[in-house]
Amino acid sequence: MVARVLALHGFGTNAELFGQKLKALLRKLKSIASVVVIDAPFVLPYDESLRGWWLYNQELWDGTAETIQSLADVLLQRATFEPVGLDESLAFVMEEWSKGYDAVLGFSQGAVVAAALCAKLQRNGCPPRFAILISGFGKPIPQGLQGAFEEPIAVPSLHIWGEADAHMPPWTSQLLADRFHEPRVHVHPGGHFVPQKAADLNFIAAFLQEMQPAMAVGAPSERGDRVASADAEEASAAAARSVGGFEELRQALRRYLAPSVALNMDGNGKTERWTGYEAAELEAPGPGTYERLLALLKGMEFLSMQHGPCRTSEDAVQVRLAGGWKDVTLHSGAKAMLLRTPKSEWLLSVLPADCKLSWKKLRAIYGKGTRIATEEEVIEVTGCLPGAVPPIAAFPKEVMVVADATLPEVINFNCGLRTRSIQLPRRTYEVVQAVTFADIID
């Protein structure tokens, strides 16, 4: 089912320009989403072709292009401000939404309006299927929206921002994500823009693919069909309760369905949002790196396995063999260690698990002060617990990768969680990861 997505541009642009910035993403999503970009209603003082979802009083902004960054800097010092025209924009967006959409996408100022739309539709009992918010901000909150965000917004959401965003820093984007229940987060290394790299686009596409089953289960686009849909779900649930072995079937589905699938199968006629993770996997630092890694590998040749927690390479060999994998030896394990260079760069060293890193050789390449990262640094930089760091840098922060030239033709590794393993050919590894091969073992 193709999702119909309403897209809201940011301040100081328009629907045509924003559509151009979305071209790469739209090509990626063409089989699963139809995106409609609309113009905000307010014209900017310095260029009548550019628009915003609200404007600012003269005490905050003089209406010129040159002072927009200064405006952002001032706003970040405030808890709230008066948005000129926001109520009109919300009414305008609600009217557009009534034309029949499944989801909403917003950028920057448009992301805040998209979040407000989600909150309002949730109060009305018909929330969007999902939301994608790029470079949004949770501080300051425009006057009139504080109450809208008092309760968590229970809409499946993906929040994207740039680690180097100097216009709206990452911490304020995180504040907006925190307004949502169980938000999904993807951080790219760039600034205040829609990311264009394949890894970022793959992550967004993977999120939409996960939303597809939820849309297909009793979720028509026409909002007027909701009552009939609810009646049908109750009838289905009642029938399920009368069937022997129902609980066993539900548990079996849990093992095979993708994360974030909506199961209308709890025996009570209610929809259960299943994350696809064990409770321990959702504890900090969470499955973010694992999900980014899967997005990078989308369409590639690899095997994956869920198993009991493994911290050591020796333990991992045993569970992978027990799971029926071939090409599993200690040498095939791709051991990844996070390092810090004298230039304050993060470096991931990758070597066969039965080998020992040669500090002499490594420091000859990257400097005498190169050291191993602390446990706290590992968690912060990679988003993984020690023992779960993969050899692919699908991390929240930018990390260089150096691998020993003796890596075998098939490699096995924990993939962001101690309870998940991936096996893939080395040739695939070299496609998805920019890596320098060198002699770094004793």
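Residues numbered from 1 in each chain as written. Predicted model: local features only at pLDDT ≥ 70, side-chain atom pairs only at ≥ 80, totals over all residues. Heavy atoms only, no water.

**Things to note about the overall build of the chain**
Secondary structure assignment for the chain yields 14 helices and 20 strands. Buried positions account for 52% of the 442 residues belonging to the chain. Across the chain, contacts joining residues at least 24 apart in sequence account for 71% of those joining residues at least 6 apart. Accessible surface computed for the chain: about 19,900 Å², of which carbon and sulfur atoms make up 53%. (Helix = DSSP H or I, 4+ residues; strand = E, 2+ residues; numbered from the N terminus. Buried < 20%, exposed > 50% of the residue type's maximum accessible area, 1.4 Å probe, protein only. Contact = heavy atoms within 4.5 Å. Areas by Shrake-Rupley, 256 points an atom, 1.4 Å probe, with all protein chains shown as cover.)

**A word on the sheet that holds strand E1 (residues 3–8)**
Read across the open sheet, the six strands follow the order E2-E1-E6-E7-E9-E10; overall the sheet is parallel. The sheet terminates laterally at strand E2 (33–38) and strand E10 (184–188), the two strands that pair on one side only. Between one strand and the next, the sheet's axes are offset by a mean angle of 15°, whatever the strand orientation. Where E1 meets strand E6 (residues 103–107), four bridges bridge the pair, whose relative direction is parallel. Bridge assignment links Leu 8 to a residue of E6, and that residue is Gly 106. Taken strand by strand, helix H4 (residues 86–97) contacts E1, E2 and E6, and its axis lies near 165° from that of E1. Most of the contacts of helix H5 (residues 109–123) go to E6, to which it runs at about 150°, and overall it touches E1, E6 and strand E7 (130–134). (Pairing = 2+ DSSP bridges. Axes fitted to C-alpha atoms, helices over the stretch in contact; angles between N-to-C directions.)

**Notes on the pairing of strand E17 (residues 400–404)**
For E17, the buried fraction is high: four of the five residues fall into the buried class. Two elements, E17 and strand E20 (residues 436–438), share three bridges in a ladder whose sense is parallel. Note on E20: the bridge partner recorded for Asp 404 is Ala 438.

**Describing the sheet that holds strand E18 (residues 410–414)**
Strand order in the open sheet formed by three strands is E13-E19-E18, and the pairing between neighbours is antiparallel. For this open sheet the edge positions go to strand E13 (303–306) and E18, each flanked by a neighbour on one side alone. Taking the axes of each pair of neighbouring strands and ignoring which way they run, one obtains an average angle of 15° across the sheet. Here four bridges tie E13 to strand E19 (residues 420–425), and the two strands are oriented antiparallel to one another. For Met 305, the partnering residue across the bridge sits in E19 and is Ser 421. In the packing of helix H11 (residues 313–322) onto the sheet, the strands contacted are E13, E18 and E19, and the crossing angle to E18 comes to about 110°.

**Looking at the packing of aromatic side chains**
With the rule as written, the count across this model stands at ten aromatic pairs. Geometrically, the ring pair formed by Phe 11 and Tyr 56 is edge-to-face, given 5.7 Å between the ring centres and 80° between the ring planes. With Phe 11 in the loop between E1 and helix H1 (15–21) and Tyr 56 in the loop between strand E4 (47–52) and helix H3 (68–75), the pair connects residues that are 45 residues apart, well separated along the chain. Accessibility assignment for this pair places Phe 11 and Tyr 56 in one class, buried. With 6.0 Å between their ring centres and 35° between their planes, Phe 18 and Phe 107 make a pair best called tilted. (Phe/Tyr/Trp six-rings, centres within 6.5 Å; stacked < 30°, edge-to-face > 60°.)

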